[in-house]
Amino acid sequence: MLLCACSPKFDWREVRGGDAPYSVLLPAKPSTYSRTMQLEGVSLTMQMTGADTDGISFAIGSAKIDDATKIPAVLAAMKSGMLSNIHGTITSEKASTPLQGSDIEARGSLQNGQPVILAAKFVTRGPWVYQVIVMGREKAVTRDAIDTYMTSFKIN
């Protein structure tokens, strides 16, 4: 019984992208899958890696875009799609440096009406685009979890 009380909420571990050149800390054993989709007229295969723990989802989506002129529109579509998924409103946004892109925080709700917080980074380097997200119940998501996860994301 005492061992359960002492176990950490998050079991951070380094994960590396399969095809995409990145590394990140995830708080539990990750799952990975791919999905072919269209974003702003660009056909791409999005590789998703993520882990859920304590009612919080941590995920990285990555895709390679062959036409560099399409990258800004794809990043904007990724952001718009995430906001639409939670019927969200951006509460803060800033340019992401040294990576090209933006960091946002948003509040919204799931289809069941449950309020959620979304913290996300939408960035690019070379032909790769990334969406790095933390999403969960308002009371479950902590600044410490967001900061640990987001600062651990590195493009190799």
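Read on for an overview of the structure.

Conventions and cut-offs
- For every chain, the first residue of its written sequence is number 1, and the numbers climb from 1 along that sequence.
- Local features in a predicted model are, by the rule used here, given only for residues with pLDDT of at least 70; side-chain atom pairs are given and counted only at 80 or more, and totals for whole chains, interfaces and linings are based on all residues.
- To get the side-chain values, all heavy atoms of the structure are used, and hydrogens and water are removed first.
- Helix numbers and strand numbers start at the N terminus; a helix is a DSSP run of H or I with at least 4 residues, a strand a run of E with at least 2.
- Note on method: radius of gyration uses C-alpha positions; expected globular size equals 2.2 Å times residues raised to 0.38.
- The cut-offs for exposure are 20% and 50% of the maximum accessible area for each residue type, with area from a 1.4 Å probe on protein chains only; residues under the lower value are buried, those over the upper are exposed, and the others partly exposed.
- The criterion is simple. A nonpolar core is a set of buried Ala, Val, Leu, Ile, Met, Phe, Trp, Tyr and Cys residues joined through side-chain atoms within 4.5 Å.
- Any pair of residues with heavy atoms lying within 4.5 Å of one another is described as a contacting pair.
- Polar contact is defined as a pair of N or O atoms within 3.5 Å, subject to the rule that within protein one atom must be able to donate a hydrogen and the other to accept it, and that residues adjacent in sequence are counted only when both atoms are side-chain atoms.
- Two strands make a pair as long as DSSP finds a minimum of two bridges between them.
- Axis lines are fitted to C-alpha atoms, over the contacting stretch for helices. Their N-to-C directions set the angle, which ranges from 0 to 180 degrees.

1. A look at the overall build of the protein
Here's step 1: From N to C terminus, the protein includes 3 helices and 10 strands.
Here's step 2: Shown N-terminal to C-terminal, the secondary structure of the protein runs as helices and strands in the order α-β-β-β-β-β-α-β-β-β-β-α-β.
Here's step 3: Its C-alpha atoms give the protein a radius of gyration of 16 Å, near enough to 15 Å, the size a compact globule of 156 residues would have.
Here's step 4: Overall, the protein is about 55 × 35 × 30 Å in size when its C-alpha atoms are taken along their principal axes.
Here's step 5: Looking at the protein as a whole, 46% of its 156 residues qualify as buried.

2. Comments concerning the nonpolar core
Here's step 1: Grouped together as the largest cluster of nonpolar side chains are 26 residues, with contacts concentrated most on Leu44, Val74, Met78, Leu118 and Val129.
Here's step 2: Within the residue set of this core, elements represented by two or more residues are strand E3 (31–39), strand E4 (42–53), strand E5 (56–64), helix H2 (71–85), strand E7 (100–109), strand E8 (115–125) and strand E9 (128–137).
Here's step 3: When residues of this core are assigned to their parent elements, the largest contribution, 7 residues, is made by H2.
Here's step 4: Excluding anything up to four places from it in sequence, Leu118 contacts Met82, Leu83, Ile86, Ile104, Glu105, Ala106, Ile133, Val134 and Met135.
Here's step 5: With 25 residues, the next largest nonpolar core counts Tyr22, Ala28, Trp128 and Val134 among its residues.

3. Thoughts on the side chain of Thr49
Here's step 1: For Thr49, the position within the fold is in strand E4.
Here's step 2: Taking the relative accessible area as the measure of exposure, Thr49 reaches 6% and is therefore buried.
Here's step 3: At 3.5 Å, the side chain of Thr49 and the side chain of Tyr22 are in polar contact.
Here's step 4: Discounting residues that sit within four places of it in the chain, Thr49 has contacts with Val15, Tyr22, Leu26, Pro30, Ser31, Thr32, Phe58, Ala59 and Ile60.

4. Quick notes on the pairing of E7
Here's step 1: Bridge count for strand E6 (residues 89–95) against E7 is 6 bridges, and the pairing is antiparallel. Within the sheet, the bridge partner assigned to Lys94 lies in E7 and is Asp103.
Here's step 2: One ladder, built from 10 bridges, connects E7 with E8; its direction is antiparallel. Of the residues in E8, the one forming a bridge with Arg107 is Ile117.
Here's step 3: In textbook terms, the turn of a hairpin is the stretch between consecutive antiparallel strands, and for E7 and E8 this stretch comprises 5 residues, one of which, Gly113, has a positive phi near 90 degrees.

5. Focus: unusual backbone geometry
Here's step 1: For Glu40, which is not glycine, the phi dihedral falls at a positive 50 degrees.
Here's step 2: In this structure, Glu40 sits in the loop between E3 and E4.
Here's step 3: Within the chain, His87 stands out as a residue other than glycine whose phi angle is a positive 50 degrees.
Here's step 4: By the secondary structure assignment, His87 is in the loop between H2 and E6.

6. Describing the sheet that holds E9
Here's step 1: Across the sheet, 7 strands lie side by side as E3-E4-E5-E9-E8-E7-E6; this open sheet has antiparallel pairing. Every interior strand has two partners, whereas the edge strands, E3 and E6, have only one. With strand direction ignored, the average angle separating the axes of adjacent strands in the sheet is 20 degrees.
Here's step 2: Running at roughly 165 degrees to E9, helix H3 (residues 143–152) makes contact with E5, E7, E8 and E9 of the sheet.

Remember, this is a structural readout, not a statement about activity or role.
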